[in-house]
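Next come the chains, spelled out residue by residue.
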Amino acid sequence: MKYIELGHTGMLVSEIGFGGIPIIRLGTDSAVKVLRRAFEHGINFYDTANAYHDSQNKIGKAFYGMRDKVLIATKTILRDANGAGQQIDDSLRALETDYIDLFQLHQIAQQKDFEAVTAPGGALEAVMQAKQAGKIRHIGVTSHNLEMAVTLVKSGLFSTIQFPFNFIETEALEELHPAARARGMGILVMKPFAGGVIDNGMLAFKFLRQYSGIIPLPGFDSLSAVDDIPAFLSIPIPNTLTDQDSALIEGYRLSLGRNFCRRCEYCQPCPNGVLITMAMGYPIIVSRMDFKVAMNFAQKAMESVALCENCEECLDRCPYDLPIPEIIKHNYELYLEHRSRLAASSDS
Ligand code: SF4
Ligand code: SF4
């Protein structure tokens, strides 16, 4: 494992980090084993969030007593200073630590989110105060929206940017990564396996390792999955794709292109209040978490699908021409199925 400086933060991070979503579906003991095995493979950077159920607690348990050996990043999705300040303290408690190496404002998708967090009384205020108080070392930001991510990078307010990048979602290459590099920001790669859609980890890494200076954050949910790390590391940087790799990648792109939501949020807001992006991603959410946790996580969004009146406004705004009402209604059926299953299991 090589260690590289994350932007200009001075933090030396492993060339592969650890994404904290998939451990949600593990029991605490199994999650701790997976996290420790990742550490044995040389991973020293662990990314989680207040929104990831008990992921922070599991990371806290795994690295208790060895805090100085790991770097921990977490996030708040709240937009106001009071809520964000509360979540910073919640994170410190859950992670069983007295400082967080990188605290990120989570999923700044639209201009209104950016304005809310940067306004007086906004989340950034609490995060900056926490930094002054020594609770936080560095401040970062995450987004799924390319245009917004570029704005966030250019704002000069953050030390790192976390954005999706994989062989299906390559939009960051053109402007986002160069802009972040030019400003000395750390580049964290969200969803290196496209949120579980890419089931060929080696191919995902063959693509990613064409590029230097980026830190992919794959999530792992088993010891055998973590044990793939040495194979990923054996791919040189910079890597050159073979014709066979390129053909495989093209196959994925063709098969996923029609229905793959990039979570960019250009389709929002829906005039009827449908929370489109999360509703689009429901099958992926379910595949990554225990279905009861997933239902709880996505409940508000899935219940909102019932408000869709097929006005088609969102269709015009989706740059990928996804048949949004069709997909969210299909996902709603799946959600109803899960709801019935849950009701049946709590009756028995
Ligand atoms: S088609 Fe449905 S989801 Fe899309 S904007 Fe109209 S009401 Fe909202
Ligand atoms: S449905 Fe289209 S516009 Fe909406 S988040 Fe997904 S890819 Fe973006």
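First things first, this report covers the structure right here in the doc. Everything numeric here is computed off the predicted structure, so don't read it as measured data.

**Regarding helix α11 (residues 243-256)**
- Spanning 14 residues, α11 covers 20 Å between terminal C-alpha atoms, matching the ideal 20 Å at 1.5 Å per step.
- For α11, every residue scored as buried is listed here: Asp245, Ile249, Tyr252 and Leu256. Each buried residue of α11 lies within a common arc of 55° when the element is viewed along its axis, so the set occupies one face. Among the exposed residues of α11, those oriented more than 90 degrees off its buried face are Asp243, Gln244, Ala247, Leu254 and Ser255.
- Tucked into the core, α11 has its buried residues touching α8 (201-208).

**Section: the site of ligand 1**
- Around ligand 1 sit Cys270, Pro271, Asn272, Val274, Cys308, Glu309, Asn310, Cys311, Glu312, Cys314, Pro325 and Ile328, and that is every residue in its neighbourhood.
- Residues of the shell around ligand 1, tallied by class, amount to eight nonpolar, two polar and two charged.

**What about the pattern of salt bridges?**
- What the rule picks out here adds up to 18 salt bridges.
- Glu250 is paired through a salt bridge with Arg253; the nearest N and O atoms lie 3.8 Å apart. Here Glu250 pairs with Arg253, and both are found in helix α11, just three residues apart, close to one helical turn.
- Taken together, the shared-partner salt bridges in this structure form one network comprising Arg37, Glu40 and Asp227.

**Some details on unusual backbone geometry**
- For the peptide bond that leads from Ile237 to Pro238, omega is -5°, which places it in the cis range.
- The linkage connecting Gln268 with the following residue, Pro269, adopts the cis geometry, with an omega of 0°.
- Positive phi values are uncommon outside glycine, yet His53 reaches one of about 45°.
- Position of His53 among the secondary structure elements: in the loop between β4 (45-47) and α2 (55-62).
- For His53, a relative accessible area of 47% translates into the label partly exposed.
- We note that Gln107 has phi near 55°; this positive angle belongs to a residue other than glycine.
- Checked against the element boundaries, Gln107 lands in the loop between β6 (100-105) and α4 (111-118).

**Notes on the pairing of strand β8 (residues 160-164)**
- Across the five residues of β8, five count as buried, placing the element largely inside the fold.
- Side chains Thr160, Gln162 and Pro164 project from β8 onto one buried face, and the interleaved Ile161 and Phe163 project onto a second face that is buried too.
- Examined bridge by bridge, strand β7 (residues 136-142) and β8 share three bridges and lie parallel to one another. Its bridge partner being in β8, Val141 is matched across the sheet by Ile161.

**Observations concerning the site of ligand 2**
- In the vicinity of ligand 2, 14 residues are found, and the nearest of them are Cys261, Cys264, Glu265, Cys267 and Cys318.
- Here the residues of the shell around ligand 2 sort into ten nonpolar, one polar and three charged.

**Things to note about the nonpolar core**
- Core analysis: the biggest nonpolar cluster contains 73 residues, and Phe18, Tyr46, Leu105 and Phe220 have the highest contact counts within it.
- Discounting residues that sit within four places of it in the chain, Phe220 has contacts with Phe18, Gly19, Pro22, Ile23, Val34, Ile43, Ala225, Val226, Ile229 and Phe232.
- Within the second largest apolar cluster, 31 residues are counted, among which are Cys267, Ile276, Ile285 and Val293.

Reading the values: the criteria
- Residues numbered from 1 in each chain as written.
- Chains lettered and ligands numbered in written order.
- Predicted model: local features only at pLDDT ≥ 70, side-chain atom pairs only at ≥ 80, totals over all residues.
- Heavy atoms only, no water.
- Helix = DSSP H or I, 4+ residues; strand = E, 2+ residues; numbered from the N terminus.
- Expected span 1.5 Å × (residues − 1).
- Buried < 20%, exposed > 50% of the residue type's maximum accessible area, 1.4 Å probe, protein only.
- Arc of directions from axis to C-beta.
- Contact = heavy atoms within 4.5 Å.
- Near = heavy atom within 4 Å.
- Nonpolar A, V, L, I, M, F, W, Y, C, P; charged D, E, K, R; others polar.
- Salt bridge = Lys/Arg side-chain N within 4 Å of Asp/Glu carboxyl O.
- Pairing = 2+ DSSP bridges.
- Core = buried A, V, L, I, M, F, W, Y, C linked by side-chain atoms within 4.5 Å.

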